[in-house]
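Structural overview for review
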Amino acid sequence: MELRQIRAFVVVADEASFTRAAARLSMVQSAVSAAVRKLERQLGVELFERTTHHVNLTQAGQLFLPEARRTLAAAQEARHVLEQLRGGLRGEVRLGVIQTPRHVVVQPALLIAKFRAEHPGVTVSIQAAGSVKHAEDLRKRRLDVAFVTLSPEATAGLDLHVLTSEKMQLLCRADHPLAERDQVELVELADQQFIETPTTWGSRLATDAAFARAGLTRKIAYEIGDAAGLASLVKHGLGVAIGPMSFINPEDEIRGVPLGPDAPSIALSLAVPAGHAVSAPAKALLQVARELSEPTM
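Bear in mind that the values here come from a model prediction, so they are computed numbers and not experimental data.

Thresholds applied
Residues numbered from 1 in each chain as written. Predicted model: local features only at pLDDT ≥ 70, side-chain atom pairs only at ≥ 80, totals over all residues. Heavy atoms only, no water. Helix = DSSP H or I, 4+ residues; strand = E, 2+ residues; numbered from the N terminus. Contact = heavy atoms within 4.5 Å. Buried < 20%, exposed > 50% of the residue type's maximum accessible area, 1.4 Å probe, protein only. Arc of directions from axis to C-beta. Core = buried A, V, L, I, M, F, W, Y, C linked by side-chain atoms within 4.5 Å. Axes fitted to C-alpha atoms, helices over the stretch in contact; angles between N-to-C directions. Parallel < 35°, antiparallel > 145°, perpendicular 65-115°, else oblique. Nonpolar A, V, L, I, M, F, W, Y, C, P; charged D, E, K, R; others polar. 1 Å grid on protein atoms, 1.4 Å probe; cavity = no way out; pocket = protein on both sides within 12 Å on 5 of 7 lines; lining within 4 Å. Points joined across faces, edges and corners; volume = space filled by probe spheres on them. Phe/Tyr/Trp six-rings, centres within 6.5 Å; stacked < 30°, edge-to-face > 60°. Lys NZ or Arg CZ within 6 Å of the ring centre and 35° of its normal.

The topology assignment puts Glu15 in helix H1 (residues 3-15). Apart from residues lying up to four places away in sequence, Glu15 is in contact with Arg20, Ala21, Arg24 and Arg142.

The structure is reproduced here in structure tokens:
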């Protein structure tokens, strides 16, 4: 049994496709199929049920998958230990990044710069996407660490290291009828036109969940995947938004109005896959993030 065979099995299981697994492994599909077939012969069981359109784990495959993951993680950790003995941490960290609020100390660029200064032998590859996509890629081990803004309910299979959190507010122009209110209830916003972020953003998920819990619906007039763009649409009177005040440039004439007890909140976290050994480079990256987030005296 070889590590490359186990790796091929795990990636096929993650992708539920030999074609996608081959692309991810930078191998031809026939080589991936051959590696899995050889592993099945060595184990004496079938790991996948193969049809024309689907690849599903058998019961044996489901039992073997967590052990296969542990084997790969242990082999990777052993390599990292030996690399450190040879003169420093080496390897790669695959980091998922999102648009982070401007007040957050642990900005992705700052984190990467400090990490690379301390660990020049480690390569950091970055992937920009929404929190939902990052969560999926962490579960499928396509990423090692990712910035996410998801509630604990939406992060099954992940461990979160919270960096900051804040209550979201109603964001509106200074001349909006609700701008001078001390507090606004969600039920008062049902007839407003909303500007929103995509459904892959944690802020959108939190807002949608808050309205659903309150039994309310709302009209979304515009959807934009950019915090500055959202603020600009609000600034020009095209609607209101619900989000953290950190989305807003202090120079913009946009007010943040506190919401009632049903106000959604947003937390920025670094997430890693739960139930799996975190690689030495990923652990080092988390340590640098903790150092950056600690208040200075």
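What follows is about helix H5 (residues 108-118). All buried positions along H5 are accounted for by Pro108, Leu111, Ile112 and Phe115. End-on view of H5: buried residues confined to an arc of 95°, all on one side of the axis. Of the residues in H5, the exposed ones pointing more than 90 degrees away from the buried face are Ala109 and Ala117. On the buried face of H5, the contacting elements are strand E3 (91-97), strand E4 (122-128), strand E5 (145-148), strand E12 (265-273) and helix H9 (280-293).

So, on to the nonpolar core. The biggest cluster of nonpolar side chains holds 27 residues, and the ones touching the most others in it are Leu95, Val106, Leu111, Phe115, Val145, Phe147 and Leu270. Of all elements in the fold, only E3, H5, E4, E5, E12 and H9 reach the threshold of two or more residues within this core. Here this core takes eight residues from H9, the largest share from any one element. When near neighbours in sequence (up to four residues on either side) are disregarded, Val145 contacts Val93, Arg94, Leu95, Gly96, Leu138, Leu270, Ala271, Val272, Ala282, Leu285 and Leu286. Ranked by size, the runner-up nonpolar core spans 22 residues in total, among them Ile6, Phe18, Val55 and Leu72.

Viewed as axis vectors pointing N to C, H1 and helix H3 (residues 29-43) meet at an angle of 110°, and their least axial separation amounts to 8 Å. As the angle between them shows, H1 and H3 are arranged roughly perpendicular. Note on element contacts: H3 touches H1 through Val32, Ala35, Val36, Lys38, Leu39 and Gln42, opposite Arg4, Gln5, Ile6, Ala8, Phe9 and Val12. For the contact of H1 with H3, a count of residues per class yields eight nonpolar, two polar and two charged.

A few words on empty space enclosed by the protein. Within the structure shown, the criterion is met by one cavity of 30 Å³ or more. Roughly 80 Å³ of internal volume is contained in the largest cavity. In terms of lining residues, the largest cavity is bounded by Gln76, Arg141, Leu143, Asp144, Pro273, His276, Ala277, Val278, Ser279 and Ala282.

A separate point is the packing of aromatic side chains. For the structure shown, the criterion picks out four aromatic pairs. Here Phe9 and Phe64 contribute two aromatic rings whose centre-to-centre distance is 5.2 Å and whose plane-to-plane angle is 45°, an arrangement assigned as tilted. In this pair, Phe9 sits in helix H1 while Phe64 sits in helix H4 (residues 59-85), placing the two residues 55 residues apart along the sequence. Side by side, Phe9 and Phe64 carry an identical accessibility label, which is buried. Ring-pair connections join several aromatic residues into one group, and the members of that group are Phe9, Phe18, Phe48 and Phe64. A cation over an aromatic ring shows up here: Arg218 above the ring of Phe194, its NZ or CZ 4.9 Å from the ring centre.

To continue, consider the layout of surface pockets. Taken as a whole, the largest pocket holds about 620 Å³ of empty space. If you list the elements that add at least two residues to the lining of the largest pocket, you get H1, helix H2 (18-25), H4 and E3. Class assignment for the residues of the lining of the largest pocket results in eight nonpolar, three polar and eleven charged. Those elements that place two or more of their residues in the lining of the second largest pocket are helix H7 (202-213) and E12. Here the element with the most residues in the lining of the second largest pocket is H7; it accounts for five residues.

Nothing here speaks to function; it is all geometry.
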